[in-house]
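Geometric and topological summary
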Amino acid sequence: MGMTMTEKILAKHAGLDRVEPGQLIEAEVDLMMGNDITGPISIKRLKDIGLTRLPFPEKFFLVMSHYAPSKDIASAAQIMISRSFAKEQKLQHYYAEGAGIEHVILPEEGWVLPGELVIGADSHSCTYGATGCFATGIGSTDLAAALATGRLWMQVPETYKFELTGSRPNYIMGKDLILHIIGMLGGDGVLNQAMEYSGDALRTLPMEERLTMANMAIEAGASNGIFPCDDVTEAYLSGRAKKPYTPVHADPDAKYAKTFTIDVSQIEPLVALPWAPENVKRVSDMAGETVDRVF
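Model, not experiment: these values are computed from the prediction.

1. Concerning the sheet that holds strand β2 (residues 31-35)
The five strands are arranged β4-β3-β2-β5-β6 in an open sheet whose pairing can be described as parallel. Each edge of the open sheet carries a strand with a single partner, namely β4 (94-95) and β6 (134-137). Two elements, strand β3 (residues 60-63) and β4, share two bridges in a ladder whose sense is parallel. Following the sheet pairing, Leu-62 is matched in β4 by Tyr-94. Across the sheet, helix α5 (residues 140-149) lies against β2, β3 and β5 (117-120), angled at about 135° from β2, the strand it touches most.

The structure is reproduced here in structure tokens:
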């Protein structure tokens, strides 16, 4: 029996020939990300265990994303802790206030690459799976453990396969597709599983929209969302990728927990109403409704 994309990446990074859903593994991490909310907690944990020097500082990306500009003294203190740590550890990848949002910076600068294992102390770190890597959100204590060892234990998830077929209308975007899936399955409909995308409709789905769909894997409860490395991926990474990479592809006989086939030509523009992403409605059904707030 073959393996899914997620299973192949986890097996490779655990030094195993194969893995099975539910299996506990210890895997080598390629890239670790923390921000100005989660990073200081990890830094404190490292100091608590007496670690004075990161063994793999080149793998740590510390991004001042949420508290820049600072709204108060407490917020400024978070950035101060991060800045001091970056200076102390001589971090190559410290993104100071004003640099941007971590989920935009890492893909745009070519750091998250096909076949890699990426973790981030932010629930939306699953965004990076759009480039064909396994990317998942973790807690600050887990990030501290990975920073101290370069490795992290995890459970291999089951994989749900989403085959997107048909011709995508010009007015349907990746956000509509992921809202359709979340509305169909619910906010916990893919709880702790991987979401793997495939199908002919991907050919017209640009990287920006794939990033949106991978970003919202967490809104379906998933551990990660992952797209195949195809012509769209290669074009996006051309001249952008910071190092060589080895794409991973699902085996033809890979076993999936569930498979969904979605004809994208039948999807209408969608919107999520308060107070949950799964509260999905067709825009056509909202005619006449008063909009008080948009975000």
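2. Focus on the pairing of β3
The alternating pattern of β3 places Phe-60 and Leu-62 on one face and Phe-61 and Val-63 on the opposite face, and all of these are buried. Sheet topology places β2 next to β3; four bridges connect them, and they run parallel. Note on β3: the bridge partner recorded for Asn-35 is Val-63. In terms of handedness, the path from β2 via helix α2 (residues 39-48) over to β3 forms a crossover that is right-handed.

3. Some thoughts on the state of the cysteines
Tallied over the full model, the rule gives zero disulfides. Unpaired in terms of disulfides, Cys-133 finds its nearest cysteine sulfur in Cys-126, a separation of 10 Å. Free cysteine Cys-229: the closest other cysteine sulfur is in Cys-133, separated by 11 Å.

Cut-offs and rules
Residues numbered from 1 in each chain as written. Predicted model: local features only at pLDDT ≥ 70, side-chain atom pairs only at ≥ 80, totals over all residues. Heavy atoms only, no water. Pairing = 2+ DSSP bridges. Helix = DSSP H or I, 4+ residues; strand = E, 2+ residues; numbered from the N terminus. Contact = heavy atoms within 4.5 Å. Axes fitted to C-alpha atoms, helices over the stretch in contact; angles between N-to-C directions. Buried < 20%, exposed > 50% of the residue type's maximum accessible area, 1.4 Å probe, protein only. Right-handed = clockwise from strand over helix to strand, strands pointing away. Disulfide = S-S within 2.5 Å.

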